[in-house]
Each structure stands twice: as C-alpha cells, then as structure tokens.
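Remarks on the overall topology
Read off the chains here:
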Amino acid sequence: MYLPNQTFSDRVTLLEMLFEFESGSLSDYTRPLIDAMYEELESDPDFMAIDESDEEEGSAYVDEKLADHLLSAFKSFAVEDKKLYGVNEAGKTLLMEMR
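So, here's what we can say about the structure. (Residues numbered from 1 in each chain as written. Predicted model: local features only at pLDDT ≥ 70, side-chain atom pairs only at ≥ 80, totals over all residues. Heavy atoms only, no water.)

1. Some details on helix H1 (residues 11–20)
For the record, the criterion: We call a residue buried when its accessible area falls under 20% of the maximum for its residue type, exposed when it is over 50%, and partly exposed in between, using a 1.4 Å probe and counting protein chains only. A helix here means a DSSP run of H or I that spans at least four residues, while a strand means a run of E at least two residues long, and both kinds are numbered starting from the N terminus. Any pair of N or O atoms that falls within 3.5 Å is considered a polar contact. Within protein, one atom must be able to donate a hydrogen and the other to accept it, and sequence-neighbouring residues count only if both atoms are side-chain atoms.
Where H1 is concerned, the buried positions are Thr13, Leu14, Leu15, Met17 and Leu18. At the N-terminal end of H1, a side-chain oxygen is found 3.5 Å from the backbone nitrogen of Val12, two or three residues along, and the residue is Asp10.

In structure tokens form, the structure reads like this:
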C-alpha cells in the first residue's frame, strides 16, 4: 500500500508504511533505534522464542515498538519520492527510503 506523496498521522498507516519500507534503507535516525530495540529484545526469552519460531512475527513486534517511538516523536509522517519522513516542529526527519 505504498502512498506516493502523501501525509498521514495514524498508527495503522504508519505500520503499513514501516512494512512497505522494510526492505529499503534505514536512515541515521532510524538505524540506531532499531539496533537498540533488537539489543534489548535479545535478552527477552519470550521475544527470542517468537523470533526463532516465526521471524515475520518477530519483525512485526519490532515494527510495533518502532511505531510507538515514532508516534511519540513526530506529529505526522510524509511519503515523498520513495522516502518516509517524520514531521514535527523542527521539520522533516528522514526515517527510511525504498531502494
């Protein structure tokens, strides 16, 4: 459900966009967030059981945590030229881009 040149602020669309952009490149803003989440989750036996049994479910769990963080950090999100941005008072922050 790629949304070319659209702005949105809801959780459902954000989760869909995180899924759509998953195979793309992470920005300098997003990469450390995801790395820290995986590092934290590696000590969680429940997550490790999910990730080992169903990698897709493990990835969805990380997307949920990432969405929580992004929704608290940004007022809205924009897709422009195959790039996903977070938007707040400071301006636009690149989150991910499609290859």
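This is not the end of the story, as more comes after the structure.
2. A short note on the sheet that holds strand S1 (residues 6–8)
Definition in use: Two strands pair if DSSP finds at least two bridges between them.
Spatially, 5 strands are ordered S1-S3-S4-S5-S2 in an open sheet, and the strand pairing comes out antiparallel. Each end of this open sheet is capped by a strand with a single partner; those strands are S1 and strand S2 (25–26). Bridge analysis of S2 against strand S5 (residues 91–97) gives 2 bridges, and the strand direction is antiparallel. Within S5, the position partnered with Ser25 by the bridge is Glu97.

3. A few points about the packing of aromatic side chains
The line we're drawing: Geometry of aromatic contacts follows a simple scheme: Phe, Tyr and Trp rings, the Trp one being its six-membered ring, pair when their centres are within 6.5 Å, and the pair is stacked under 30 degrees between planes, edge-to-face over 60, tilted otherwise.
Taken as a whole and judged by the stated rule, the model has 3 aromatic pairs. Measuring from ring centre to ring centre gives 5.7 Å for Phe8 and Phe77, while their planes differ by 25°; the resulting arrangement is stacked. Residue Phe8 is found in strand S1, and its partner Phe77 is found in strand S3 (residues 76–80); the two are separated by 69 residues along the sequence. The same class applies to Phe8 and to Phe77, which are both buried. Pairing Tyr29 with Phe74 gives two aromatic rings, centres 5.5 Å apart and planes at 65°, and the pair type is edge-to-face. Taken together, the positions of Tyr29 in the loop between S2 and helix H2 (30–41) and Phe74 in the loop between helix H4 (55–73) and S3 put the pair 45 residues apart, joining distant regions of the chain. Residue Tyr29 is classed as partly exposed on the basis of its relative accessible area of 28%. Judged by its relative accessible area of 6%, Phe74 is buried. The rings of Phe8, Tyr29, Phe74 and Phe77 are connected pair by pair, giving a single aromatic cluster.

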